[in-house]
Amino acid sequence: MEDARFGLDPYHILLLVLGGSLLLSYWLPRIFVARPPAATALLMAFGMAGSLLFPEVVAVIDPTENPGIWEIAAEMVVIVVLFATGLRIDDLGGWHLWRPTVGLLVVTMPLSIAAVALLGWGVAGMTVGGAVLLGAVLAPTDPVLAGDLQVGPPLEGNEHPVRFSLTTEAGLNDGLAFPFVYLALHIAAQGADPALWLGEWILWDVLYRIAAGTLLGIVIGWLLGRILFAVPTWNTLAASGPGVLALAGVFIAYGAVELAEGYGFIAAFVAGAVCRRAEAESTFHQRLHTFANSIEHAITAILLVLLGSVMPSLWPHLTWAHTIIGFGLILVIRPLAGMIGLFGTRLDLRERALVSTYGVRGIGSLYYLGYASTHVEFIDEGPLWAVVAFTIFASTVIHGLTASSTVEALDRE
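Residues numbered from 1 in each chain as written. Predicted model: local features only at pLDDT ≥ 70, side-chain atom pairs only at ≥ 80, totals over all residues. Heavy atoms only, no water.

A. Representation of the overall build of the protein chain. A count of helices and strands for the protein chain gives 16 helices and zero strands. Radius of gyration (C-alpha) of the protein chain: 21 Å, near the 22 Å computed for a compact globule of 413 residues. Each principal axis of the C-alpha atoms in the protein chain carries an extent, and together these give about 65 × 60 × 45 Å. In the protein chain, the share of contacts with a sequence separation of at least 24, taken over all contacts with a separation of at least 6, comes to 82%. (Helix = DSSP H or I, 4+ residues; strand = E, 2+ residues; numbered from the N terminus. Rg over C-alpha atoms; globule rule 2.2 N^0.38 Å. Contact = heavy atoms within 4.5 Å.)

This is the structure we're talking about:
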């Protein structure tokens, strides 16, 4: 039998890279600054360094070969954080508080999708389907990586209008980007002629799926609230139940709505927000949020290290045109589209600029691209993964390095 002692098993090397990256990303900045910036960029950077030292560790997780791994892992992160984001909101407020969110969802997001798609088609030479998919994939702002800029945990306040707008936008646009992903799938499978798919897309993928996700999310959130806080009256789960019950709410809402062919991402956020209303001042919401927050941070950190580790293998697909798309979205498209979407709101110019600037890209984009890659084979699959990975990395650097100072300014207000 061959002696396997001291063999360099790629799986064990990957665990070593993961552990080292996690530790160094959170510890190293504290040596230099009292309040370190977000560790997201460092997580990806150390992942890149690990894969350059040990290139054999990334073969199994190559997204162009195994997109299903990324789809499932990102899906778990997103649904947990969306439910937790719904729980965060202390006060749903009225129309004037929601007006910026509506503008960001109805105006800013479609404008951003169209602009990125045009760049993908005209500058990067992608197919129409691939370009529309790129716009849809990069459309959602990330409720995980933008956590520092959002409202605080339950009962802790920080309900600044800027925080509220960024929180609710991130909570809803992960689901509302899905119709555009399906639009790309229709184009890739049937062609660019709208006569072949427009009716089905509007009636099924837009109207029915959004309505099903919203309405079932409300119903499930109400039922969860009754079970947690009201039944039975003499021994409710909220009195002594564990935080793991947050996962029950997440899985029930997402699973039930997906079975009904609705958008589970919308349902997860709505269910969390409605469940919070059942007993808005209960400290049990803090336990639910703390547990969900721990799960989301752990899986997100691992995913960022892994995404960084596969970036060197995606570099051959990355061109100057892709970097233009990534930087263009972060520095030009999102800020301009955000200012247009926020026109006429009660936010002052500085607040509108903050909301428009911090459209953080992240885990939701990984899910959508993984989902699309497992359903239709795109000619542009390699470039798509390359530009999405680059854009997420650029966003973690640009937004992560400036978020702390922005948070301090908001907190002073």
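B. Just the pattern of salt bridges, in detail. The final tally for this structure, using the stated rule, is four salt bridges. Note that R209 is salt-bridged to D205, the shortest N-O span being 3.0 Å. In this pair, R209 and D205 both sit in helix α8 (residues 198-229), four residues apart, roughly one turn of the helix. Across the pair, exposure class does not vary: R209 and D205 are buried alike. Residue R209 pairs with E261 through a salt bridge whose shortest N-O separation is 3.4 Å. Placement of the pair is R209 in helix α8 and E261 in the loop between α10 (245-259) and α11 (264-278), with a sequence separation of 52 residues. According to the relative accessible area criterion, E261 is partly exposed, its value standing at 35%. The network of salt bridges with shared partners includes D205, R209 and E261. (Salt bridge = Lys/Arg side-chain N within 4 Å of Asp/Glu carboxyl O. Buried < 20%, exposed > 50% of the residue type's maximum accessible area, 1.4 Å probe, protein only.)

C. Seen up close, the packing of aromatic side chains. For the structure on display, the rule yields 19 aromatic pairs. Each ring, one from W204 and one from Y208, has its centre 4.6 Å from the other, and the planes form 10°; the classification is stacked. Of this pair, W204 and Y208 are both found in helix α8, four residues apart, which corresponds to roughly one turn of the helix. Relative accessible area serves as the criterion here: at 34%, W204 is assigned to the partly exposed category. On the basis of relative accessible area, Y208 is assigned to the partly exposed category, the value being 33%. Taken together, the aromatic side chains of F178, Y182, Y254, Y263, F265, Y367, Y368 and Y371 make up a single cluster linked through ring pairs. (Phe/Tyr/Trp six-rings, centres within 6.5 Å; stacked < 30°, edge-to-face > 60°.)

D. Local environment of the nonpolar core. Counting 101 residues, the largest nonpolar core has W70, L133, L134, L366 and V388 as the members making the most contacts within it. Top contributing element to this core by residue count: helix α12 (residues 284-314), with 12 residues. Grouped together as the second largest cluster of nonpolar side chains are nine residues, V162, L166, L342 and Y358 included. (Core = buried A, V, L, I, M, F, W, Y, C linked by side-chain atoms within 4.5 Å.)

E. View of the packing of helix α3 (residues 67-88) against α12. Contact geometry of α3 with α12 gives a least axis separation of 9 Å together with a crossing angle of 150°. Seen from above, α3 lies across α12 with left-handed handedness. Residues belonging to the contact of α3 with α12 are distributed by class as follows: 16 nonpolar, four polar and two charged. (Axes fitted to C-alpha atoms, helices over the stretch in contact; angles between N-to-C directions. Left-handed = near helix turned anticlockwise from the far one by under 90°. Nonpolar A, V, L, I, M, F, W, Y, C, P; charged D, E, K, R; others polar.)

F. Looking closely at the side chain of D142. Relative to the helices and strands, D142 is located in the loop between α5 (128-137) and α6 (161-176). Look at D142: it is buried, it has no salt bridge, and the nearest opposite charge is R361 at 8.9 Å. Separated by 2.5 Å, the side chain of D142 and the backbone nitrogen of I363 make a polar contact. Setting aside its immediate chain neighbours within four residues, D142 contacts Q150, A170, V360, R361, G362, I363 and G364. (Lys, Arg positive; Asp, Glu negative; His and termini not counted. Polar contact = N/O pair within 3.5 Å; in protein donor to acceptor, adjacent residues only side chain to side chain.)

G. Examining α11 more closely. For α11, which comprises 15 residues, the first-to-last C-alpha distance of 21 Å matches the rise-based estimate of 21 Å (1.5 Å per residue) to within 8%. Across the 15 residues of α11, 12 count as buried, placing the element largely inside the fold. (Expected span 1.5 Å × (residues − 1).)

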